[in-house]
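Examination of the molecular architecture
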Amino acid sequence: MEITKEIFAFLFGLVWGSFLNVVIYRVPEGISIIKPRSFCPVCRHKIAWYDNIPIFSYIILGGKCRHCGAKISVRYPIVEIAGGITIWLIWRNFKGEPLEMLRGFIFLSLLIVLAGIDSERMILPDIFTLSGIFIGIAFSFFLKPGPLFSLIGALVGYFSLWLVYKIFLLFTGKEGFGFGDFKMFAMIGAFMGLRQLLPVIILSSFLGALFGVSLIMVKKKSLSSMLPFGLFLTIASWVIYIFKLDLFKFYIGFLP
Ligand SMILES: [Zn+2]
């Protein structure tokens, strides 16, 4: 039954999201993602399997470590749910196209990991962005937009943000983005192609501005504080990719 498969995809996604949480925490810390078993980052107590069930354990434990009572970041359940919805929608929207499913699985997982790390540390590690660029181009030999427009997408992605960065620096003396953002946008160009860069950048800038203004209104941040742009790039690309949106078809429809 179709509904059973969709539920299975969602449940698998929750578990996958749980693994992505491990990657988000461990890779920047330089800890192996395989060993040791999950532990509380505060008291280092090993986490029992029954305290490691996606979503449920977080709710049952009230968002706190069983041993030391330290707060568990809300990032954990958010990434688990994001994983669940991602795998469910990949199954729904790319069914019957195994290579598309595989590309979506890798690309959207990379996006979620980058969003998680950027939100917490304001960095976008090369190991994800640079390998993402190569994987994106490799897939394009078999899928749209094809190798040429994937490569051009990566180059334009990198240098367009670099240019905005330079102009912003010239006029304000501040760094609006970091080099990680250029590489992440290049990765998005490699996976999605040149044509999708414009809708992605417009949507992510809009989300960033909306988020920034909301934070200023609740007085949590000042106008000059940095925002994790990688998070907004992730949300924008995720939505456009998974729903196969073609927002500017009317005038860049000639590009593959
Ligand atoms: Zn603890």
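As shown above, the structure is provided for reference.
Residues numbered from 1 in each chain as written. Predicted model: local features only at pLDDT ≥ 70, side-chain atom pairs only at ≥ 80, totals over all residues. Heavy atoms only, no water.

**As for the overall build of the protein**
Along its length, the protein carries 10 helices and 0 strands. What you see in the protein, going N to C, is helices and strands ordered as α-α-α-α-α-α-α-α-α-α. C-alpha atoms of the protein, sized along the principal axes, occupy 55 × 50 × 35 Å. Residues counted as buried form 43% of the 256 residues belonging to the protein. (Helix = DSSP H or I, 4+ residues; strand = E, 2+ residues; numbered from the N terminus. Buried < 20%, exposed > 50% of the residue type's maximum accessible area, 1.4 Å probe, protein only.)

**Regarding helix α8 (residues 197-217)**
At 3.6 residues per turn, the α-helix brings residues three or four places apart onto the same side. Here α8 contains 21 residues, and its C-alpha end-to-end distance of 30 Å stays within 8% of the 30 Å for a straight helix at 1.5 Å per residue. For α8, every residue scored as buried is listed here: Leu197, Pro199, Val200, Ile201, Ser204, Gly208, Gly212 and Leu215. Buried residues along α8 sit in contact with α6 (146-172), α7 (179-192) and α9 (229-242). With its phi angle positive at about 55°, Lys219 sits one or two positions after the end of α8. (Expected span 1.5 Å × (residues − 1). Contact = heavy atoms within 4.5 Å.)

**Observations concerning the coordination of the zinc ion**
The protein atoms that coordinate the zinc ion are Cys40 (SG), Cys43 (SG), Cys65 (SG) and Cys68 (SG), at distances spanning 2.3 Å. In this structure, the zinc ion is surrounded by 4 donor atoms whose angles at the metal cover 106 to 116°, and the resulting shape is tetrahedral. Along the chain, the residues donating to the zinc ion are arranged with the sequence spacing C-x2-C-x21-C-x2-C. The exposure class of Cys65 is buried, given its relative accessible area of 12%. (Donors = N, O, S within 2.8 Å, 3.2 Å for Na, K, Ca; no water. Tetrahedral: all angles 85-135°; square planar, octahedral: opposite > 155°, others 65-115°.)

**Things to note about the packing of aromatic side chains**
Across all of its chains, the model carries 16 aromatic pairs by this definition. Both rings, one in Trp49 and one in Tyr50, keep their centres 5.6 Å apart while their planes meet at 80°; by these two values the pair is edge-to-face. Connected via pairs of aromatic rings, a cluster forms that spans Tyr158, Phe159, Trp162, Tyr165, Phe179 and Phe182. Geometry around Tyr76 places Arg75 over its ring, the cationic atom sitting 4.3 Å from the centre. Its guanidinium or amino end placed over the ring of Phe94, Lys244 lies 4.9 Å from that ring's centre, counting from NZ or CZ. (Phe/Tyr/Trp six-rings, centres within 6.5 Å; stacked < 30°, edge-to-face > 60°. Lys NZ or Arg CZ within 6 Å of the ring centre and 35° of its normal.)

**Focus on the packing of helix α1 (residues 2-29) against helix α4 (residues 98-121)**
With their axes 9 Å apart at the nearest point, α1 and α4 run at an angle of 50° to one another. Relative to α4, the element α1 lies oblique. Where α1 crosses over α4, the handedness of that crossing is right-handed. Across the interface between the two elements, Phe12, Trp16, Leu20, Val23, Ile24, Tyr25, Pro28 and Glu29 of α1 pack against Phe105, Ser109, Ile112, Val113, Gly116, Ile117, Glu120 and Arg121 of α4. Its residues assigned to classes, the contact of α1 with α4 shows 11 nonpolar, 2 polar and 3 charged. (Axes fitted to C-alpha atoms, helices over the stretch in contact; angles between N-to-C directions. Parallel < 35°, antiparallel > 145°, perpendicular 65-115°, else oblique. Left-handed = near helix turned anticlockwise from the far one by under 90°. Nonpolar A, V, L, I, M, F, W, Y, C, P; charged D, E, K, R; others polar.)

**Things to note about the pattern of salt bridges**
In the structure shown here, the tally under the stated rule is 8 salt bridges. For Asp51, the salt bridge goes to Arg66, with nearest N and O atoms at 2.6 Å. In this pair, Asp51 sits in the loop between α1 and α2 (56-60) while Arg66 sits in the loop between α2 and α3 (75-94), placing the two residues 15 residues apart along the sequence. Among the residues examined, Asp51 registers a relative accessible area of 12% and is labelled buried. Lys183 serves as the salt-bridge partner of Asp126, at 2.8 Å between the closest nitrogen and oxygen. Taken together, the residues Asp126 in helix α5 (residues 126-140) and Lys183 in helix α7 connect sequence positions 57 residues apart. Residue Lys183 is classed as buried on the basis of its relative accessible area, which comes to 17%. (Salt bridge = Lys/Arg side-chain N within 4 Å of Asp/Glu carboxyl O.)

Purely geometric numbers; function is a separate question.
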